[in-house]
Each structure stands twice: as structure tokens, then as C-alpha cells.
Amino acid sequence: MYKQHPQLEEEQKKKAITSTLYAEYDAVESLSNQHLIDDSVSEKQKKEIVEKMEDEE
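The model shown is predicted, which means the values in this text are computed figures rather than measured ones.

Bringing helix H2 (residues 39–56) into the picture now. The end-to-end C-alpha distance of H2 is 26 Å, a good match for the 26 Å that 18 residues give at a rise of 1.5 Å each. Those residues of H2 that fall on the buried side of the exposure criterion are Ser 42, Lys 46, Ile 49 and Met 53. The buried residues of H2 occupy one face: seen down the axis, they fall within an arc of 60°. The exposed residues of H2 that point more than 90 degrees off its buried face are Lys 44, Lys 47, Glu 54 and Asp 55.

Here is the structure:
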């Protein structure tokens, strides 16, 4: 069985996490734009997502 280079695996994990966070951010933004969630909730969630992104870097 082919084993990936550990560093490459880490990179892929980071990319997957980052793209998930971007998707979450877009979802929050979308709900906010449709007024399905309150702006204060939206801001709080976006702030948390941005913090997670910074942690991943």
C-alpha cells in the first residue's frame, strides 16, 4: 500500500480544514444576508471562524 509523505498529509489536512472553515464562513454570511440569523450572532460566529483559521496557519 502506498504511504503518503507525512508532511504532504499535514498539508492536505490543513487545506481541508481551511476550505471547511471558508464554507462555514460563507454559510454564516449567507444566512445573515437572508436575515435568517441575527447580525450579532453572525458577527460572533464569523469572528470564531476567523480565529480558527488563524489557529490553523
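The next thing to look at is a negative patch on the surface. Taken together, Glu 51, Glu 54, Asp 55 and Glu 57 make up a surface patch of like negative charges. Note on placement: Glu 54 falls in helix H2.

So, about the environment of Thr 18. Note on placement: Thr 18 falls in helix H1 (residues 6–33). The partly exposed category is assigned to Thr 18, whose relative accessible area is 28%. In the structure, Thr 18 is positioned 34 residues away from Lys 52 in sequence and 8.8 Å away in space, judged by C-alpha atoms. Among the polar contacts made by the side chain of Thr 18, one reaches the main-chain carbonyl oxygen of Lys 14 at a distance of 2.8 Å.

With that out of the way, let us pick up unusual backbone geometry. A positive phi angle, near 60°, is found at His 35, a position not held by glycine. Along the chain, His 35 turns up in the loop between H1 and H2.

A word on the pattern of salt bridges. The full count for this structure, using the stated rule, is four salt bridges. A salt bridge links Glu 10 to Lys 13, with the nearest nitrogen and oxygen atoms 3.6 Å apart. With Glu 10 and Lys 13 both in helix H1 and three residues apart, this pair spans about one turn of that helix. Look at Glu 10 and you get partly exposed, because its relative accessible area is 41%. The exposure class of Lys 13 is partly exposed, given its relative accessible area of 46%. Between Lys 46 and Glu 29 there is a salt bridge; the shortest N-O distance is 2.4 Å. Here the residue Lys 46 occupies a position in helix H2, and Glu 29 occupies one in helix H1, the gap between them amounting to 17 residues. Within this structure, Glu 29, Glu 43 and Lys 46 form a network of salt bridges that share partners.

Rules of the game
- Residue numbering note: each chain is counted from 1, following its sequence as written.
- For a predicted model such as this one, the threshold for reporting local features is a pLDDT of at least 70, and the threshold for listing and counting side-chain atom pairs is 80 or more; totals across whole chains, interfaces and linings nevertheless cover every residue.
- Only hydrogens and water are set aside; all other atoms, that is, all heavy atoms of the structure, feed into the side-chain values.
- Strands are runs of DSSP state E lasting at least two residues, helices are runs of H or I lasting at least four, and both sets are numbered from the N terminus onward.
- For a helix, the expected span equals 1.5 Å multiplied by the residue count minus one.
- Each residue is assigned to one of three classes by its accessible area relative to the maximum for its type, calculated with a 1.4 Å probe on protein chains only: buried under 20%, partly exposed between the two thresholds, exposed over 50%.
- The directions from the helix axis to the C-beta atoms are what the arc is built from.
- Exposure above 30% relative accessible area and no salt bridge define the residues that can form patches, which grow by joining like charges within 9 Å and nonpolar side chains of Val, Leu, Ile, Met, Phe, Trp and Tyr within 5 Å.
- With residues, only the protein chains shown are counted as cover, and all accessible areas are computed by Shrake-Rupley using a 1.4 Å probe.
- A pair is scored as a salt bridge if a Lys or Arg side-chain nitrogen falls within 4 Å of a carboxyl oxygen belonging to Asp or Glu.
- Counting rule for charge: Lys and Arg are taken as positive, Asp and Glu as negative, and neither His nor the chain ends is counted.
- By convention, the point assigned to a charge is CZ for Arg, NZ for Lys, CD for Glu and CG for Asp.
- Contacts described as polar in this section are N or O atom pairs within 3.5 Å, which, within protein, must combine one atom able to donate a hydrogen with one able to accept it, while residues neighboring in sequence count only if both atoms come from side chains.

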